[in-house]
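Observations on the three-dimensional arrangement
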Amino acid sequence: MSKKTYIEDIERTLYDIKNVDKSVYKSQAGLTEEVVRDISKRKNDPDWMLDFRLKSLEVYESINIPNWGPDISRLNMDEIVTYVRPDAKMVGSWDEVPQDIRDTFDRLGIPAAEKQSLAGVGAQYDSEVVYHSVQKRLTEQGVIYTDMETAIKEHEDIVREHFMKLVPPKDHKFAALHGAVWSGGSFVYVPAGVNVKIPLQSYFRLNAAGAGQFEHTLIILEEGSSAHFIEGCSAPKYNVTNLHAGCVELFVGEGARLRYSTIENWSRNMMNLNTKRALVEKNGLIEWVSGSFGSAVSMLYPCSILHGEGARCEFTGVTFASKGQNLDTGASVIHVAPHTSANINTRTISKSGGAATYRSAVKVTKNAHHAKCSVNCESLMLDSESRSDTLPVMDIEVGDVDIGHEAKIGRISEDAIFYLMSRGIDEAEARAMIVRGFVEPIAKELPLEYAVEMNNLINIELEGAN
Amino acid sequence: MLEIKSLHAGVDGKEILHGINLTVNRGEVHVILGPNGSGKSTLMNLIMGHPKYEIQSGTIKFEGQELNLLAPFERARLGIFLSFQSPEEIPGITVENMLRAACQAVTGEKIKILPFRKKLQAVMQELKINPDSANRYMNVGFSGGEKKRNEILQLLMLNPKLAMLDETDSGLDVDAVQIVSNGVAKFHNKDNACLIITHNTQILKSLTVDKAHVLLNGQIVAEGGTELVDEVSQNGYSKFTY
């Protein structure tokens, strides 16, 4: 008779430590023109941005929430506080960051990582960025890495030319919401031919209960440049619903290479309705590495528009849905030009009644002859109460293409567990080993410290009582 | 060392073994013969503790300890090992990492990477296993022969007290059987024991068989020494009835 592994709800102490809410200003809950005007005024927006916000609000009011995907009816916008200004100004030295906020980022390992392995760091707390730095060597090469607010002031033309051009507010309801109330986020500009070899990282922490975070990330890589951007996010758990509706726009120039890595570990009261999109020019490359572990509901499908001939996309994703989570993730690729290629490789895991859906859309337009696209998605269910679905959609408008799709949905094999146990490995560790093995092809794509974090998250998720 | 008494057991409520008695002492080599479907693998899985199989009555004792309520990993830690007929593939976990985890689990001691790797490479060389296999995922993409040799590698690294080999020699070419046979011979000594299921007497060449048992429809119908192995390999099972 084998002992049953009892898997408890996870222990997320590290992420769950709440700070006292010391915000100096909060907008009133709900979304009205008055709230939007107030945010804009407090942020000293230029006039065009205020107009943009108001137009987005109109769009927001005119469209419905998506009629597909997970149930998001528990999200009541009238209860969400869209703007929370922390009691901190953006500074370039951790010593000047208020102690409680500094402690939070210390626990998350950001300042330590900055010393060891990052070329620049941005840290956002609730609605505003509280810390930003970039190595002088990069600044001297013309690299810009700063918060969006500073970018609007100092590089208004570039921002105006690109802001929400890839993800227009009318794209969907939460893109419109983002356009109306966005705050914070990072701006990266890499001039032609410059290679940023060490990663830049922005970390988004939402501390206030019942609040929304709407950071905007805009990255522009000019011809022949390269960079690696890492995005991290987390929040402590509250009994009320929090909302994350960020927006990421990536412009990858001719022959440029961008790697965009995310480990998302929102708390289980978060609705994560995030939109990410990349436009890739001739022979450019976008590499997405995406880990989704947290949130109550996620809808996240980073999109790559392969716009120039020979543009490429590599998408690597892992999603882990546990009790009470409905994580709907995947990717989308639009082949617009000839000889473009995409490779989508994902692993999803569900356990303790969690639901994980892989959803993808691949479109090959008439002009994109000789396009290549390969999709490989594998799902693992750790028990019989959990759910896993695979919904790949392909829309091919041209004949001369090479498209492959492979999907596997499986349960954890009891025979494999028995095999490991027959070698002396206990049941909980045997299960953890099989799960770690399942995501290994993804883990090896991650930067080391993120692979370690992902392994820790998996171990926390699987931790048994015996 | 191993003592099985009046064992009635099966799967999904269906009895497969009907009253097995079997005693294996330290230092002995036992062979279980029998046609396909006679219950040989079921017996080994029961000794190892596969959750699918259930004991209806009877006992299995190892060194005086009743095994019935022990999980497979606890049995492994007591010193029981099973070389599987069809070893499982474990994607993403390398042979070296799994074996180090297993050795640590069985010995209860932390094992350093470098000395472990050295020992592993030496044993792999004896079994004529390509040293690069240590970094391959456990059994993934291995040929039938590679999987079986990998089982013997685990046997030699874990060094249990009781080694059960379930058709470890089937599906192997002559040279590979020789390698496996030598590996088992290297493992065997006066302090441990082997329980071997085989249809092919080749694997026994490097060993001295102490006892052979013929299993037919879930019952042991004949017992003897090497002469029984010869009898079966020449004439099959037709003379045995139950």
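Look up: the structure comes first, before these words.
In this report, the structure presented in the accompanying data block is examined. Computed from a prediction, not measured in an experiment: that's the story for all the values here.

**Considering the pattern of salt bridges**
All names here are of chain A.
- This structure, assessed with the given rule, holds 32 salt bridges over all chains.
- Across the pair Asp95 and Arg102 runs a salt bridge whose closest N-O atoms are separated by 3.5 Å.
- For Asp95, a relative accessible area of 69% translates into the label exposed.
- Linked through salt bridges whose partners overlap, the residues forming this network are Lys43, Arg85, Glu128 and Glu149.

**Digging into a negative patch on the surface**
Residues and elements named next belong to chain A.
- Together, Asp157, Glu161, Glu222, Glu223 and Glu254 line one region of the surface with negative charge.
- Looking at the secondary structure, you find Glu222 in the loop between β9 (216–221) and β10 (226–234).
- Glu222 gets classed as partly exposed once you look at its relative accessible area, which sits at 30%.

**Some thoughts on the sheet that holds strand β11 (residues 211–216) of chain B**
All names here are of chain B.
- The six strands lie next to each other as β6-β9-β10-β3-β11-β12, forming an open sheet whose pairing is mixed. Two strands bound the open sheet, and with one partner strand each, they are β6 (80–83) and β12 (219–224). Between one strand and the next, the sheet's axes are offset by a mean angle of 20 degrees, whatever the strand orientation.
- In the sheet, strand β9 (residues 162–166) pairs with strand β10 (residues 193–197) via five bridges, with the strands oriented parallel.

**A word on the sheet that holds strand β23 (residues 372–381) of chain A**
Residues and elements named next belong to chain A.
- The sheet built from ten strands is open, its strands ordered β4-β3-β7-β10-β13-β16-β19-β21-β23-β25 with mixed pairing. In this open sheet, the two strands that pair with only one neighbour each are β4 (128–134) and β25 (402–411). If you compare each strand with its neighbour and ignore which way they point, the axes differ by 5 degrees on average.
- As defined by bridge partners, strand β3 (residues 120–125) adjoins strand β7 (residues 200–205) across six bridges and the pair is classed as parallel. When the bridges of β7 are listed, Ala123 appears paired with Tyr203.
- Packed on one face of the sheet, helix α11 (residues 427–443) meets β19 (312–321), β21 (341–350) and β23 and runs near 160 degrees to β21.

**Digging into the packing of helix α2 (residues 33–42) of chain A against helix α3 (residues 47–62) of chain A**
All names here are of chain A.
- Two numbers describe how α2 lies on α3: the axes approach to 10 Å, and their chain directions differ by 155 degrees. Relative to α3, the element α2 is oriented roughly antiparallel. Where α2 crosses over α3, the two elements pack in a sense that is right-handed. Across the interface between the two elements, Glu33, Val36, Arg37, Ile39 and Ser40 from α2 touch Leu50, Arg53, Leu54 and Leu57 from α3.
- Considered class by class, the residues forming the contact of α2 with α3 number five nonpolar, one polar and three charged.

Rules behind the numbers
Residues numbered from 1 in each chain as written. Chains lettered and ligands numbered in written order. Predicted model: local features only at pLDDT ≥ 70, side-chain atom pairs only at ≥ 80, totals over all residues. Heavy atoms only, no water. Salt bridge = Lys/Arg side-chain N within 4 Å of Asp/Glu carboxyl O. Buried < 20%, exposed > 50% of the residue type's maximum accessible area, 1.4 Å probe, protein only. Patch = residues over 30% accessible without salt bridge, like charges linked within 9 Å, V, L, I, M, F, W, Y side chains within 5 Å. Areas by Shrake-Rupley, 256 points an atom, 1.4 Å probe, with all protein chains shown as cover. Lys, Arg positive; Asp, Glu negative; His and termini not counted. Charge placed at Lys NZ, Arg CZ, Asp CG, Glu CD. Helix = DSSP H or I, 4+ residues; strand = E, 2+ residues; numbered from the N terminus. Pairing = 2+ DSSP bridges. Axes fitted to C-alpha atoms, helices over the stretch in contact; angles between N-to-C directions. Contact = heavy atoms within 4.5 Å. Parallel < 35°, antiparallel > 145°, perpendicular 65-115°, else oblique. Left-handed = near helix turned anticlockwise from the far one by under 90°. Nonpolar A, V, L, I, M, F, W, Y, C, P; charged D, E, K, R; others polar.

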